Amino acid sequence: MDNLIALLIAAPLLGAAVLLCGGRRLDKTGHWLGTLLAAVSFATAVALFADMLGKGADDRAMHQRLFSWIPVEGFQADIAFQLDQLSMTFVLLITGVGTLIHVYSIGYMEHDERRRRFFGYLNLFVAAMLLLVLADNYLLLYFGWEGVGLASYLLIGFWQHKPSAATAAKKAFLVNRVGDIGLSIAIMLMFTTFGTFAFGPVLASAENATEGKLTAIGLMLLLAACGKSAQVPLQSWLGDAMEGPTPVSALIHAATMVTAGVYLIVRSADIFNAAPDAQLVVTIVGAVTLLFGAIVGCAKDDIKKALAGSTMSQIGYMILAAGLGPVGYVFAIMHLVTHGFFKAGLFLGAGSVMHGMNDEVDMRKYGGLRKYMPVTFITFGLGYLAIIGFPGLSGFFSKDKIIEAAFAKGGTEGWILGAVTLLGAAVTAYYMTRVMLMTFFGEKRWQPDADGRPPHPHESPKSMLVPMILLAVGSVGGGAVFEFSGFTEWLEPVTGFDHGHAPISAAAVTAATVAVMVIGVGLAYLQYGRKPVPVVAPRGSLLTRAARRDLLQDDLNHAVFVTGGTHLTRSLVYVDHTLVDGVVNGTAASVGGLSGRLRKLQNGYVRSYAVSMLGGTAVLIAATLLMRAV
Amino acid sequence: MNALTVHSMWTTAAEPLNKIPAPKIEYVQLAPVLIVVGAAVLGILAEAFVPRRGRYVTQVFLTLLALAASFAAVVALAAGGYGTTKAHIAAMGAIAVDGPALFLQGTIILASVVAVLTFAERRLDPADHGHKVDSFAAEAAAVPGGDHEKAAVKAGFTTTEVFPLALFAIAGMLVFPAANDLLTLFIALEVFSLPLYLLCAVARRKRLMSQEAALKYFLLGAFSSAFLLFGIALLYGYAGSVSYATIAGVVDGSVGSVDPALAQTMGNDALLLIGFALVLMGLLFKVGAVPFHMWTPDVYQGAPTPVTGFMAAATKVAAFGALLRLLYVVLPGLTWDWRPVMWGVAIVTMLGGAIVAITQTDIKRLLAYSSIAHAGFLLAGVIAATPSGISSVLFYLGAYSFVTIGAFAVVTLVRDAGGEATHLSKWAGLGRRSPLVAAVFAVFLLAFAGIPLTSGFSGKFAVFKAAAEGGAGALVVVGVIASAIAAFFYIRVIVLMFFSEPKADGPTVAVPSVLTTLTITAGVVVTLVLGLAPQYFLDLAGQASVFVR
C-alpha cells in the first residue's frame, strides 16, 4: 500500500500536464479529465485510509521514497513521502473537497472559454497541496508550499483581463513572498542546527537544541504560516484574492491552501513545544487575527469579502489552538476540517447566488432570495448554522473545544484567550446572521446590472447543487462524527494530546458559547431583520468605516512599506548618484585625463621614441644595480 | 720551391686542421626550422623562375605545405619524447630541443598558418583592372602615387615575395625561443626582424603610412639590437662564453675559469648586471613592454593588417619564449636581482597599455595598446618564477595569438572607399548591419577583456594564479585593476557596435573568401574551446614547462 502514496500526487499532476499542454483539442473533454483524475486521487486516499484504519495506532505512518533529489556530501534531500494520521486527514480533505469543487466548476465555469486551463490549474493546485502535506522533509514541503502559491497566483488572476484580478494576484504573490522568506530561513536554521531537514530526525532531536534557536525557528515558521494563512500582519492579500472565480475561493482560499500554515505549525509541534515564547506569539497572532477578521467581516457588503473576513477569523481560531500546544493541536485540525466543509459550502452557496444574480456580489442588492433559490438557501443555511456553532452541528463541536482549550491554557493568559475566543464567537454569529438576512430574507433590493439587465434569480444546475448538498451534509454531521468517533485518539500519536487544567467546567464553557451566539444572532436580527436594509450603505461609525477599509491594513502597508520603501529607494538613488557615481565618474575622468596626457608622449617622432627607450634602459640598469646594492 | 717542400707545407699545415672537430648537427631534431628555411629558399627561387601568373598559387601552396610539414615535425618530435624525457641541447649547444621550445614552435606555426591565410585573401577589394588584389602593394619599390605604380597596378603585379619573407621570419621565430646561446639568440632575432620590417612596408593602401611605419620599426629595432648586442658582449666579458649553460654556471659558481685571456673581467658582477639589463631591454622591446613599446601603435597601424596580426601574435610568442629561457635557464641565480625590476616593468606595462588605450580612436591602435597591456599580464606570469608560471605563460600565448589574429582579420573586413575603415566612429551600429561579424568581433573583445567562457579568462586566470602563488600578490592586484580599466574600452567598442545608430555613410562589410573565413573561424573556435574546456591544453602546457639546461 505504501507505494500508492505517489499516485495521490501523480494523478492530478498528470491532469495538469495534459490539460495545460494539450491545447484546444481538449476544450470539450478537459474538465471531465481533470475531475476524473481528482476523483482517482480521492479514491486512492480512501483506499489508503481504509488500510490505515486496519493497523495499530502506532504503526499507521506509511513511507515511500521515490529518488534522491539533491545528493550532495552532507546535504541530502530526497523525494520521499510520509503518510501519517495528520497527513491522511489533510489528504482526505484536499481530495474530497477538491473533487466536489471540480464537479461544481463544471457548471460554474461552463460559459468560460478558458475552462480547460482552469481545470489544469485546479489539478496543479491539488497536486502541489498534496505534495505539501505528504512531504517527509521541510525542503520538499517548501516545494509544495511554493507550488500552491503559484497555483493560487494563477487562479486569483485567472480573469486576467480585469485589472483588479491581475493586481490582486500580484498582491497575493508579493505578500506570500514575505512569508516564504520566513520558511526558507527556518529551513536554513534547521539545517545548521540539526544538519538535516527531514521531519523524523529534526523533530526527534528538537529537544536537544537550545531554546533560543528553537524560538528563532518557530518564529520563522510562524512568519511563513502568517503569509500562507493570511494572519496578521500578512493578512492583506486574502480579501483581494476573492477576485478569483468562486470555486477557487472555496477550495484554495477557504478550505485548503490557507490552512497550510496551521498544518506547518502542528507538523512542527515538537519544535513549538520546546519554545514557549514562540508558542505565545502564535496564540497572540491567532487571537488578534480572529478578532480582526471578524470585525472586517461585519462591515463588508461584498458577500465574498465578508466570507473572506470570516475565513481569516476562523483560521485565527486554528492558529490560536495550535499555539496552545498539545492541549490544542487536535482541535486546531478538527476545526480545520469542519471549517473546510462549511466554509467551502458557504462559498459555493455564494457562488450559486452570484450565478443567479448576474454576478452581483453586493449583498445590499440581494434580499428575499430564499424563495427563488431554495436548495441554495437550505445548504447555505446549514453552513451558516454550522459556522456560528449551533448546537449539534459541526462548528459547535470544534469551536467549543478550542474555547475550552483556550481557558485550559491557565493563568491570566488563559482567561484573556478564553474571553477573546468567546467574543469572537459572538461576532461570528453577528456577521454571519447579517450575511444570511441580507441575502435570503427581507424585501427584494435587486438592481439591473451594468448592461441594464434586471436579475432573474434561479436555481443553479445540478452539477453545482450536488457538491453543495454533500458539503452541507458534512457541515451538519462532521463535528458529531469527529466528536464521537475518537478523532482525538486518531491524531494523538502524531500531535500528542493533553487535557490541560480548565479553570471552569466544560459545561459552563458550552453554555457561555451558546449564550454569546444567541446574543450575536439577536443583535444582527435587530439591526438587519427588523429594519429594512438600505441599498446605499450608510456612513456608519468610525469603526465601521475603518472595517470597510479592512481596518486600514492597506493604508498602513502603504504608509510604512510603500512610502517608506520609496523614500529609502530615493535616498539610495541619491547616494548612488552623488557618492557612488561621483567616485566612479571621478575615477573614470581621472583615468581618462591621464590617458589623454600620456597619449601626448606618443608624438610620432622616432627620435623621441628612441630617447624613451634610452631612458628606459638607463632606469633598467640603474634599478638592477640598485637592487644588488640594497 | 720544389714539389716536396710544397707537399710538406700542405701536409704540415694539414696536421692541426684535423684537430678541429666537425660540428655535429642533429638534422632531424632541427627539422621544423630547416623545413621552413628550405621552403623560403624555394620561394625565392619561385619568384625568379615561376611565371608571374602562377606565382600566387605556387607561393601559397608552398608556404602552407611547408608550415604543415614543419608542424608535423614538431608533433613527431613531441610524440618522440623530445619535449620531456629526451629533451636535450642540439647543434653543438646552440639550440635546445625541449618542452617549451616545441610547444612554442607549434604555437608559432599554427598562428602563422592562420595568418598566412589572411595574407592570401584576395576577395576583399574589388578587382583592379581585372586583376584580383590582396593587401599588398602591386610593386613595393614604386613611388607611391607615381606613374610606375599605376603601370604596375594596370599590369596586375602583386608582391608575392611576402610569402617567402614570412617564411624567413617564421624560421627566425622558431629558433628564437629555442636559442641556447646568446649569438644564436641575436641571429634569430635579426632573421625574423628584417623580413618583418619589409613586410610592414608593402601595404597596398596608405602606402606612405606603411613605409613610415616600416622605417620607424627598422630604426628602433636596430637601436634595440645594438643594446642587445652590447649586452651580449658584456655578458661574454663576465662569463667568457655566450653559452647559456656556462653563463649560468659562472653565476652560481659551479664553473671556474674558462678563458685565461678574460681572467681580469671574469666574475665581475657589474658586467653581469649591466649586460643582463641590456639583453633584457632587447627582448622587452620585442614583446612591446613599457617604456620600449612606443613603436607598437605606429607600426601596428601602418603595417598591412594581415601583417599586423601575424606580428602581434607570432612575434610575441617567440619573444616571450626567449625571455622565459633567458630568465629561467641563464639567470635563475639572479632571481632576486631581476624580479624587482621586472615587477616595475610589468606594472607600468599593464597600466600604461590599459590607460592609454582608453583615448584611442583607431581600432588598430586600440588593439596595439591592448597588446601592450597583454604583454604586461604575460610578464606577471613570467615573474612567478615557478613551473606553473612557465606553463601559464605558454597557455596564455597560445590563447592570445589566435584571438589577436582573428581580431585583426575582422578589421580587414570592415571597409569603405579608402580601404579598411579603422576609425572607431565608423564602427558605430555595425551590429545592426552585420550582426555576425559584429558578434564575432565581440567574442574576441570579450576574450581580450578576460570574460569567463573565453580563452582570455582561462589564460589570465592561469597567469594571475601562478603569479599569486609565486608571491606576486600585489602584482595580481595591479593586474586586476588594469584589466578593469581595459574592460572599459573593449566593452565600449561592443556598445558602439550594438547600441549606436549606424551612420548613413558607414562602412560596408566585405564578404571574404574561404581563407579569411577559415582564419576567423579558427580564432572563434580556439577562443571558445580554450574558454570552455581549457584543462587539456593547460595540462599540455604543464607537461611542456620544463627547460632543458
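Residues numbered from 1 in each chain as written. Chains lettered and ligands numbered in written order. Predicted model: local features only at pLDDT ≥ 70, side-chain atom pairs only at ≥ 80, totals over all residues. Heavy atoms only, no water.

Chain B has the name NADH-quinone oxidoreductase subunit N in an unreviewed UniProt entry, where Streptomyces termitum is given as its organism. Of chain B, the UniProt comment under Sequence similarities (unreviewed entry) reads exactly: "Belongs to the complex I subunit 2 family." The annotation that UniProt attaches to chain B under Catalytic activity (unreviewed entry) is "a quinone + NADH + 5 H(+)(in) = a quinol + NAD(+) + 4 H(+)(out)". (UniProt positions renumbered as here; feature names shortened; annotations may be inferred.)

Per an unreviewed UniProt entry, the recorded name for chain A is NADH-quinone oxidoreductase subunit L, and the organism is Streptomyces termitum.

1. Overview of the overall build of chain B
Along chain B, the regular secondary structure elements total 21 helices and five strands. Going through the 549 residues of chain B one by one, you find that 61% of them count as buried. Here the analysis covers contacts within chain B between residues at least 6 apart in sequence; of these, 80% occur between residues at least 24 apart. Total accessible area on chain B stands at roughly 20,200 Å², and carbon and sulfur atoms take up 71% of it. (Helix = DSSP H or I, 4+ residues; strand = E, 2+ residues; numbered from the N terminus. Buried < 20%, exposed > 50% of the residue type's maximum accessible area, 1.4 Å probe, protein only. Contact = heavy atoms within 4.5 Å. Areas by Shrake-Rupley, 256 points an atom, 1.4 Å probe, with all protein chains shown as cover.)

2. With respect to the overall build of chain A
Assigned secondary structure in chain A consists of 24 helices and two strands. Out of the 630 residues in chain A, the part that is buried amounts to 54%. In chain A, once contacts between residues fewer than 6 apart in sequence are set aside, the share between residues at least 24 apart is 80%.

3. Here's the deal with the environment of Met62(A)
Residue and element names in this part refer to chain A. For Met62, the position within the fold is in strand β1 (residues 62-72). In this structure, the C-alpha to C-alpha distance between Met62 and Asn3, residues 59 residues apart in sequence, is 9.0 Å. Setting aside residues no more than four positions away along its own chain, Met62 makes contact with Asp2, Ile5, Leu48, Asp51, Met52, Lys55, Phe81, Gln82 and Leu83.

4. Comments concerning the packing of helix α3 (residues 85-108) of chain A against helix α4 (residues 115-134) of chain A
All names here are of chain A. Close contact between α3 and α4 brings their axes to 10 Å; oriented N to C, the two are set at 175 degrees. What the angle tells us is that α3 and α4 run roughly antiparallel. Contact residues: Ser87, Phe90, Val91, Ile94, Thr95, His102, Ser105 and Ile106 in α3; Arg115, Phe118, Phe119, Leu122, Asn123, Val126, Met129, Leu130, Val133 and Leu134 in α4. In the contact of α3 with α4, the residues fall into 12 nonpolar, five polar and one charged. (Axes fitted to C-alpha atoms, helices over the stretch in contact; angles between N-to-C directions. Parallel < 35°, antiparallel > 145°, perpendicular 65-115°, else oblique. Nonpolar A, V, L, I, M, F, W, Y, C, P; charged D, E, K, R; others polar.)

5. Digging into the side chain of Ser87(A)
Here Ser87(A) is to be found in helix α3. With residues near it in sequence (within four places) discarded, Ser87(A) still touches Gln82(A), Val133(A), Leu134(A), Tyr263(A) and Arg267(A).

6. Re the nonpolar core
Grouped together as the largest cluster of nonpolar side chains are 202 residues, with contacts concentrated most on Phe176(B), Leu284(B), Leu327(B) and Phe441(B). Sort the elements by how many residues they give to this core and helix α12 (residues 305-330) of chain B lands first, with 18 residues. When near neighbours in sequence (up to four residues on either side) are disregarded, Leu327(B) contacts Phe276(B), Leu280(B), Pro332(B), Trp338(B), Met342(B) and Val382(B). Grouped together as the second largest cluster of nonpolar side chains are 186 residues, Val202(A), Leu203(A), Tyr329(A) and Val427(A) included. (Core = buried A, V, L, I, M, F, W, Y, C linked by side-chain atoms within 4.5 Å.)

7. Some remarks on the environment of Ser68(A)
Residues and elements named next belong to chain A. Here Ser68 lies in strand β1. In this structure the C-alpha to C-alpha distance between Ser68 and Ile79, which are 11 residues apart in sequence, comes to 6.0 Å. In this structure, Ser68 is in contact with Gln76, Ala77 and Asp78, ignoring residues within four places of it in sequence.

8. Overview of the interface of chain B and chain A
On the side of chain A, 25 residues touch chain B, which itself brings 38 residues to the contact. Carbon and sulfur atoms make up 74% of the surface buried where chain B meets chain A, a total of about 2,700 Å² over both sides. Here Arg628(A) ties to Asp337(B) by a salt bridge, and the two come within 2.9 Å at their closest N and O atoms. Linking chain B with chain A are 12 residue pairs in polar contact (both at pLDDT 80 or more). Those elements giving two or more residues to the side of chain B that touches chain A turn out to be α8 (207-239), α10 (269-287), α11 (295-302), α13 (335-357) and α14 (363-383) of chain B. Residue contributions to the side of chain B that touches chain A peak at 10 residues, all from α10(B). (Buried area = accessible area lost by both parts, 1.4 Å probe. Salt bridge = Lys/Arg side-chain N within 4 Å of Asp/Glu carboxyl O. Polar contact = N/O pair within 3.5 Å; in protein donor to acceptor, adjacent residues only side chain to side chain.)

9. Here we look at the side chain of Thr158(B)
Structurally, Thr158(B) is set in the loop between α5 (147-155) and α6 (162-175). Contact partners of Thr158(B), with chain neighbours within four places excluded, come to Lys132(B), Ala137(B) and Ala138(B).

10. Some remarks on the sheet that holds strand β3 (residues 414-416) of chain B
Hydrogen bonding along the main chain pairs the strands of a sheet, whether they run parallel or antiparallel. Residues and elements named next belong to chain B. One open sheet holds the three strands; their spatial order is β4-β3-β5, and the pairing between them is antiparallel. Looking along the sheet, the strands with just one partner apiece sit at the ends: β4 (419-420) and β5 (508-509). Pairing geometry for β3 and β4, over two bridges, is antiparallel. Within β4, the position partnered with Arg415 by the bridge is Glu420. (Pairing = 2+ DSSP bridges.)

11. Brief notes about helix α2 (residues 30-53) of chain A
Residue and element names in this part refer to chain A. With 24 residues, α2 extends 35 Å between its outermost C-alpha atoms, agreeing within 8% with the 34 Å of an ideal straight helix rising 1.5 Å per residue. For α2, every residue scored as buried is listed here: Gly30, His31, Gly34, Thr35, Leu37, Ala38, Ser41, Thr44, Ala45, Leu48 and Met52. In this fold, the buried residues of α2 make contact with α1 (5-21), β1, β2 (75-83), α3, α4 and α20 (487-495). (Expected span 1.5 Å × (residues − 1).)

12. What about a nonpolar patch on the surface?
Together, Tyr574(A), Val575(A), Leu579(A), Val580(A) and Val584(A) make up a nonpolar patch on the protein surface, roughly 480 Å² of accessible area in all. Mapping Tyr574(A) onto the fold places it in helix α23 (residues 553-599). (Patch = residues over 30% accessible without salt bridge, like charges linked within 9 Å, V, L, I, M, F, W, Y side chains within 5 Å.)

13. Side note on the pairing of β1(A)
The side chains of a regular strand alternate between both faces of the sheet. All names here are of chain A. In this structure, β1 lies alongside β2, joined through nine bridges in antiparallel fashion. Of the residues in β2, the one forming a bridge with Ile70 is Ala77. With antiparallel pairing between neighbouring strands as the criterion, β1 and β2 make up a hairpin whose turn holds two residues, including Gly74 at a positive phi of roughly 80 degrees.

14. Let's talk about the pattern of salt bridges
Residues and elements named next belong to chain B. Under the defined criterion, the tally for this structure stands at 30 salt bridges over all chains. Arg325 serves as the salt-bridge partner of Asp98, at 2.9 Å between the closest nitrogen and oxygen. Here the residue Asp98 occupies a position in the loop between β2 (95-97) and α4 (99-119), and Arg325 occupies one in helix α12, the gap between them amounting to 227 residues. Judged by its relative accessible area of 0%, Asp98 is buried. The class of Arg325 is buried, set by a relative accessible area of 0%. A salt bridge links Arg207 to Glu149, with the nearest nitrogen and oxygen atoms 2.7 Å apart. Of this pair, Arg207 sits in helix α8 while Glu149 sits in helix α5; the two residues are 58 residues apart in sequence, bridging distant segments of the chain. Residue Arg207 is classed as buried on the basis of its relative accessible area of 5%. Residues joined by salt bridges that share partners form a network here, namely Asp125, Arg204, Arg205 and Arg415.

15. Observations concerning the confidence of the model for chain B
Low-confidence regions, as indicated by low pLDDT, have predicted coordinates that should not be scrutinised in detail. Put simply, chain B has an average pLDDT of 91, and 96% of its residues get 70 or more. Across the predicted assembly, pTM comes out at 0.66 and ipTM at 0.90. (pLDDT = per-residue confidence, 0-100.)

16. Overview of the packing of aromatic side chains
Residues and elements named next belong to chain B. Under the counting rule described, the total for this entry stands at 39 aromatic pairs over all chains. Arranged with centres 6.2 Å apart and planes meeting at 85 degrees, the rings of Tyr300 and Phe408 form a pair that is edge-to-face. Separated by 108 residues along the polypeptide, Tyr300 in helix α11 and Phe408 in helix α15 (residues 387-413) bring together distant segments of the chain. What makes Phe408 buried here is its relative accessible area of 4%. In this structure an aromatic cluster arises from ring pairing among Tyr197, Tyr217, Phe218, Phe285, Trp295, Tyr300 and Phe408. Above the plane of the ring of Tyr56 lies Arg122, whose end atom (NZ or CZ) is 3.6 Å from the centre. (Phe/Tyr/Trp six-rings, centres within 6.5 Å; stacked < 30°, edge-to-face > 60°. Lys NZ or Arg CZ within 6 Å of the ring centre and 35° of its normal.)

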